[in-house]
Each structure stands twice: as C-alpha cells, then as structure tokens.
Amino acid sequence: MAEPLAERLRPRTLDDYIGQQHLVGEGAVLRRMIDSGRISSFILWGPPGVGKTTLAQIIAHKLETPFYTLSAVTSGVKDVRDVIEKAQKGRFFNEASPILFIDEIHRFSKSQQDSLLGAVERGIVTLIGATTENPSFEVIRPLLSRCQLYVLKSLEKDDLLKLLERAITKDIILKERKIELKETDALLRYSGGDARKLLNILELVVESESGDVVVTNELVVARLQQNPLAYDKDGEMHYDIISAFIKSIRGSDPDAALYWMARMIEGGEDPQFIARRMVISASEDIGLANPNALLLANAAFDTVMKIGWPEARIALAECAVYLATSPKSNSAYLGIDAALALVRETGNQPVPLPIRNAPTQLMKELGYHDGYKYPHDYPGHFTPQQYMPDALVDKRLWHGQHNPAEEKLWQRMVNYWGKRFEE
C-alpha cells in the first residue's frame, strides 16, 4: 500500500520547505541557528498542517544528530525516561545533544513534563515540542522558560498553490496522471491553510477519477460530500467548530452555542479548551455590558478543572447560555487595542511629574510627585488632574457603548471630566 500523498511529499531539506519564511528564510532566526550547527530547545506553536513535524525532522537530518520522537497521546513517564536514558548512553563527549521531538506536547501531563525538565536543563537532550495550543496554558512554566517559542502561521494562498503544483508534477504517483488544476478555490477553502488537509483532498479527488483529471470547484465539493471525513475531521472540529461556537455566543444565539458545544463534546474536545475560550469570549464580547460574565466564565473553568466529564458539561452549558444571552460590548477590547496602537505610534512618552513615584529625596527635589492630588481627599473621591502624557493629553481610548451597565459608567465619566467624554 502506497504512503499517503502528504507523507510522500514531506520535504527533506529547508530549500524544499514551503512557508514560515519568518523563521526559516534567509537570515531568519531558525535558519541561522540551524546553519550554525547548534540549536537550543524550542517549541513550535501553530495550527495543524503547517510543517511543525517536518521542520523538526529537517533539523535533525541537517545536524546529523540522533532523533527521538514521542507522541504525547501514547507515551507515558516511563517512555520519556527510557528515551532520556538512551540519549544519555548514546551521546559522545562534545557531540551535539540528541533531539527529542514531542508531538502534541500540550497533551503531556505535568508529571510527564516534569520528567523532561532535568534532561533539558542538563543538555542531555535538545527538546523540540510541537503544539496547536497556547503553550502558556499547557506547558509548565519551568520547561517553557528553558525553551524558545516560535509561532508558525497558516500557509498563504501562494504557498498552497506551490504545494499543489509540486504534488502534480513531482509526486511519484500523481506525475504519471494527467492532472489539470482548472479551479482551486474549493481546494484552498476546504484546506484552511493546512497543507496535509490540502493534499488529502487532492488525493481523494484524483483517486475518485479514472483517466485524465480536471480539478474544478464542483468536483471537489462533490467528492467531499461523498466522503466528508477525508479532509481531517479533527482539524475541522477544532478550528471551524470552535469558531462557530464563539460566533454564536457573540451573536446572542444560545441554541446555536449549545449545538456547537455538543458537537465539540461528542468529538472528544478537551473541556478545558472550551472553558478557556469562554473566558476569552466573556472579556472580549460581553465585557463591561455585563462584568459578571467574566466571573461566571472563570467559575465554569474552575468547575471543569475540579470535576471533569461528564458533569462538567452542565457547568459549560450554563456558562454558554449565560454568555449568549448577555448584552454585548467590546469597548474594553477596542480600548486596549487602540492604546497599544497609540503606544507603538508615539513611543515612550514621559510620565507627568505629579504622578511619578518619589521614593528618594533626590526625586522629590526634582519635582517627582509634586502637585499630585489624592482623589480620596476630595468630594466624591475625584478631582480633575492630568494622567496622560503631555503629548497625548486629549486622546480618548475608551468609548462607552450603549447598554445599561456602560451608560452608567459613561455618565459618571461625563460628570467627572465634562466635554472630554461627551460624544
């Protein structure tokens, strides 16, 4: 039986590697490290099918160093220790450390990650981890602090088209067929920037046809409808369905939110992932319109951590319905993004002297803290004074939105600051 197309086309060198030029292009950080012949431990974070495993294999081949692979799904602490022992025994003095590649490192338990820590610290192995989840949540802090983090991006349209062209002209099997890529929109749309998914779909379409193959959008859609699991159900589950879930909450549709949550539960999704996304939604989409939403989302997350499946579904459902039926506001989300953009545009503006810290006599003599008005000494615990830098004194970043909770906040600001907050 022939290998799948995606495996047959897996690049063996950086020159054949498609995408991620910000990491492996000429002069980029990973390319320089690889060319130097010495790499330090790092974690690759990105969506499925963007080349994390391939990149690790290319690095090991280029450096000609022993390469060990563990899957977080099937490996336990004993497997980790066995690999570390092999690496320690097989290493010669002054030779580069063997590479230990751990796919889906976010699925490793704390004890599994702890068992790695000493080997990484002492340089017994160079760790390359791959994850589709934010390592800040899933990788223990001591291990994360000893690894560089590199973010991989979904492949761009040009990358995917280049990959399709390579498949029909270079693959040992497909190049024997006459294949015309007449239309590619459906291929690209269903792949979602995932190279493996793209090649799976192409292979499915080609294998379903006899003789010459003319790839059209209509043909791709027809073949996928006949075989909907052929394009990586797990990838679609994880990204498209969580997107539908969050958009249903944002759009105030509790029925749709429950439906998409049920799809994730039935598909075996990690309950912590669902809970974490609801915490984000509570602050991004509901925000100040109902601050209790963030409290409930955090409570749901804590509940999931304490009780797990199947009872956790009830807490998650309660939270999803509450978020979907809450009033919506993204004023805090827009406000912090506006503030970040302003900081990048204007640089490090000086802090006004009255609100600077003055822990020393010299600082006091230089005017630090001089003139500061303590708001609690004034009626209503407020008195006007300048808090923004001189150059930005009139800038507005937070704009209250029209819901009952924020109307009160906005009106208080108008009463305090007058025209500055009148819109």
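That block above? That's the structure.
Rules used throughout
- Residues numbered from 1 in each chain as written.
- Predicted model: local features only at pLDDT ≥ 70, side-chain atom pairs only at ≥ 80, totals over all residues.
- Heavy atoms only, no water.
- Helix = DSSP H or I, 4+ residues; strand = E, 2+ residues; numbered from the N terminus.
- Buried < 20%, exposed > 50% of the residue type's maximum accessible area, 1.4 Å probe, protein only.
- Polar contact = N/O pair within 3.5 Å; in protein donor to acceptor, adjacent residues only side chain to side chain.
- 1 Å grid on protein atoms, 1.4 Å probe; cavity = no way out; pocket = protein on both sides within 12 Å on 5 of 7 lines; lining within 4 Å.
- Points joined across faces, edges and corners; volume = space filled by probe spheres on them.
- Nonpolar A, V, L, I, M, F, W, Y, C, P; charged D, E, K, R; others polar.
- Patch = residues over 30% accessible without salt bridge, like charges linked within 9 Å, V, L, I, M, F, W, Y side chains within 5 Å.
- Areas by Shrake-Rupley, 256 points an atom, 1.4 Å probe, with all protein chains shown as cover.
- Salt bridge = Lys/Arg side-chain N within 4 Å of Asp/Glu carboxyl O.
- Axes fitted to C-alpha atoms, helices over the stretch in contact; angles between N-to-C directions.
- Parallel < 35°, antiparallel > 145°, perpendicular 65-115°, else oblique.
- Left-handed = near helix turned anticlockwise from the far one by under 90°.
- Contact = heavy atoms within 4.5 Å.
- Core = buried A, V, L, I, M, F, W, Y, C linked by side-chain atoms within 4.5 Å.
- Lys, Arg positive; Asp, Glu negative; His and termini not counted.
- Charge placed at Lys NZ, Arg CZ, Asp CG, Glu CD.
- Phe/Tyr/Trp six-rings, centres within 6.5 Å; stacked < 30°, edge-to-face > 60°.

Draft legend 1. Focus on the environment of isoleucine 241. Tracing the backbone through its elements, the reader meets isoleucine 241 in helix α13 (residues 233-250). Counting along the chain gives 178 residues from isoleucine 241 to leucine 63, while the straight-line C-alpha distance between them is 40 Å.

Draft legend 2. Spatial organisation of the side chain of threonine 131. As for its placement among the helices and strands, threonine 131 is situated in strand β4 (residues 126-131). For threonine 131, a relative accessible area of 1% puts it in the buried group. A polar contact is formed between the side chain of threonine 131 and the side chain of histidine 106, at a distance of 2.9 Å.

Draft legend 3. Structural view of the layout of surface pockets. For the second largest pocket, the calculated volume is near 430 Å³. What lines the second largest pocket is a set of 22 residues, and nearest its centre among them are Trp45, Thr132, Tyr239, Phe273 and Arg277. For the lining of the second largest pocket, the secondary-structure elements that each account for two or more residues are α13 and α15 (271-286). Class assignment of the residues belonging to the lining of the second largest pocket gives a composition of nine nonpolar, six polar and seven charged.

Draft legend 4. Region of interest: a nonpolar patch on the surface. Judged by side-chain polarity, Tyr372, Tyr374 and Tyr387 come together as a nonpolar surface patch covering roughly 300 Å² of accessible area. Assignment of secondary structure puts tyrosine 374 in the loop between α19 (361-365) and α20 (404-417).

Draft legend 5. Geometry of the packing of helix α14 (residues 254-266) against helix α17 (residues 312-325). Across the interface, α14 lies against α17 with an axial gap of 9 Å and an inter-helix angle of 150 degrees. By the angle between their directions, the pair α14 and α17 is classed as roughly antiparallel. Crossing handedness for the pair α14 and α17: right-handed. For the pair α14 and α17, contact is made by Pro254, Ala257, Leu258, Met261 and Ile265 and by Arg313, Leu316, Ala317, Ala320, Val321, Ala324 and Thr325, respectively. The class makeup of the residues in the contact of α14 with α17 is 10 nonpolar, one polar and one charged.

Draft legend 6. Main features of the packing of helix α9 (residues 157-170) against helix α11 (residues 195-207). The contact between α9 and α11 brings their axes to 11 Å, and the two run at 45 degrees. In terms of orientation, α9 and α11 fall into the oblique class. The element α9 and its partner α11 pack so that their crossing is right-handed. Residues Leu160, Leu163, Leu164, Ala167 and Ile168 of α9 pack against Ala195, Leu198, Leu199 and Leu202 of α11. Partitioned by chemical class, the residues of the contact of α9 with α11 number nine nonpolar, no polar and no charged.

Draft legend 7. Main features of the nonpolar core. Ranked by size, the top nonpolar core spans 28 residues in total, and within it Leu202 and Val220 carry the most contacts. Counting residues per element, the ones that place at least two in this core are α1 (5-8), α9, α10 (185-191), α11, β7 (213-215) and α12 (217-226). Ranked by residues supplied to this core, first place goes to α11 with eight residues. The contact partners of leucine 202, leaving out residues within four places of it in the chain, are Leu5, Leu164, Ala167, Ile168, Leu174, Leu181 and Leu187. Counting residues in each nonpolar core, the second largest holds 27 residues, with Ile246, Phe273, Ala312 and Ala320 among its members.

Draft legend 8. Just a negative patch on the surface, in detail. Where like charges cluster on the molecular surface, the negative patch consists of Asp15, Asp16, Glu26 and Asp35. Position of glutamate 26 among the secondary structure elements: in the loop between α2 (21-24) and α3 (29-36). The class for glutamate 26 is exposed, based on a relative accessible area of 73%.

Draft legend 9. View of the packing of aromatic side chains. Within this structure, the stated rule accounts for six aromatic pairs. Summarising the aromatic geometry, the rings of phenylalanine 67 and phenylalanine 101 are spaced 6.2 Å apart at their centres and angled 20 degrees between planes, so their arrangement reads as stacked. Here the residue phenylalanine 67 occupies a position in strand β2 (residues 67-71), and phenylalanine 101 occupies one in strand β3 (residues 99-103), the gap between them amounting to 34 residues. Here phenylalanine 67 falls in the partly exposed class, since its relative accessible area comes to 28%. Judged by relative accessible area, phenylalanine 101 falls into the buried class, the value being 1%. With a centroid separation of 4.1 Å and an interplanar angle of 5 degrees, the aromatic rings of phenylalanine 382 and tyrosine 416 are classed as stacked. Of the two residues, phenylalanine 382 is situated in the loop between α19 and α20 and tyrosine 416 in helix α20; the sequence distance between them amounts to 34 residues. On the basis of relative accessible area, phenylalanine 382 is assigned to the buried category, the value being 17%.

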